[in-house]
Amino acid sequence: MKDNNTCSNGHIYEASLDTCPYCPGGNTEEETVLDLEPTALVDNDNTSDKTVVMDEVRSDKTAIHKPESSKDESESQIGRKLVGWLVSYTWNKEGQDYQLREGKTTIGASPTSDICLADSEVSDNHATILYRMNKFRIKDEFSTNGTIIDDKEIEEQAELSDGAQIRIGKTEFIIRII
């Protein structure tokens, strides 16, 4: 049986070697354990996530690379001015808000919609809200169950004002305009 050494990090290596081949910097029994404390904690939303952001690349740390764009925002929403919100209390008693930006905002059950609703009465491509020349318009996209504005079903499209109530499927919204 060969003689073995154990470094302070618990690695077992052959006694013929001067330093541990598994440790960066060749840790020996006399050396201390690597400093594995994070350099900075990320606390964006006060969750218990212990993900760390490192200021420099280090060989003794595992790095997780963050994707360039956030999945919270649809690709079509990036770079467009925020002009309002749709707010709903239908499915969440705390409230859910959806950003409205310049240009078109699509609403539907399709995952490709800017506002994707998990409502059995919403068509894949249900409605489109258009913001142009400081006005909001909503257009029903030939949905199965229609689009209701202030308790009136719209035929093709209608202008929206601040505080208007919108019903798409079973989901009810109030529009807030900036």
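Higher on the page you've got the structure.
Remember, it's a predicted structure, so these values are computed and weren't measured experimentally.

Cut-offs used in this document
Residues numbered from 1 in each chain as written. Predicted model: local features only at pLDDT ≥ 70, side-chain atom pairs only at ≥ 80, totals over all residues. Heavy atoms only, no water. Helix = DSSP H or I, 4+ residues; strand = E, 2+ residues; numbered from the N terminus. Buried < 20%, exposed > 50% of the residue type's maximum accessible area, 1.4 Å probe, protein only. Contact = heavy atoms within 4.5 Å. Areas by Shrake-Rupley, 256 points an atom, 1.4 Å probe, with all protein chains shown as cover. Polar contact = N/O pair within 3.5 Å; in protein donor to acceptor, adjacent residues only side chain to side chain. Core = buried A, V, L, I, M, F, W, Y, C linked by side-chain atoms within 4.5 Å. Salt bridge = Lys/Arg side-chain N within 4 Å of Asp/Glu carboxyl O.

(A) Representation of the overall build of the chain in the model. Looking only at helices and strands, one finds zero helices and 13 strands in the chain. When the helices and strands of the chain are placed in sequence order, the string is β-β-β-β-β-β-β-β-β-β-β-β-β. Burial analysis of the chain (178 residues in total) assigns 29% to the buried set. Counting only contacts in the chain whose residues sit at least 6 apart along the sequence, the fraction spanning at least 24 positions is 30%. About 12,700 Å² of surface is accessible on the chain, with carbon and sulfur atoms providing 47% of the total.

(B) View of the side chain of Ser123. Its location among the elements puts Ser123 in the loop between strand 6 (115-116) and strand 7 (127-132). Among the residues examined, Ser123 registers a relative accessible area of 15% and is labelled buried. Within polar-contact distance, the side chain of Ser123 engages the backbone nitrogen of Thr144 at 3.1 Å. Here Ser123 is in contact with Gly108, Ala109, Ser143 and Thr144, once residues within four sequence places are set aside.

(C) How the structure looks around the nonpolar core. Ranked by size, the top nonpolar core spans 22 residues in total, and within it Leu86, Ile138, Leu160 and Ile166 carry the most contacts. When residues of this core are traced back to their parent elements, those giving at least two are strand 3 (82-88), strand 4 (96-101), strand 7, strand 8 (135-140), strand 11 (157-160), strand 12 (165-168) and strand 13 (171-177). Tallying contributions element by element places strand 7 first for this core, with three residues. Sequence-distant contacts of Ile138, that is, excluding residues within four places in its chain, are made with Ala127, Thr128, Ile129, Thr147, Ile149, Ile154, Glu156, Gln157, Ala158, Leu160 and Ile166.

(D) Fine view of the pattern of salt bridges. Applying the stated criterion to the full structure yields two salt bridges. The shortest N-O distance in the salt bridge between Glu159 and Arg137 comes to 3.7 Å. Taken together, the positions of Glu159 in strand 11 and Arg137 in strand 8 put the pair 22 residues apart, joining distant regions of the chain. You can call Arg137 partly exposed: its relative accessible area is 30%. Between Asp162 and Arg176 there is a salt bridge; the shortest N-O distance is 3.3 Å. Taken together, the residues span a long stretch of sequence, with Asp162 in the loop between strand 11 and strand 12 and Arg176 in strand 13 at a distance of 14 residues.

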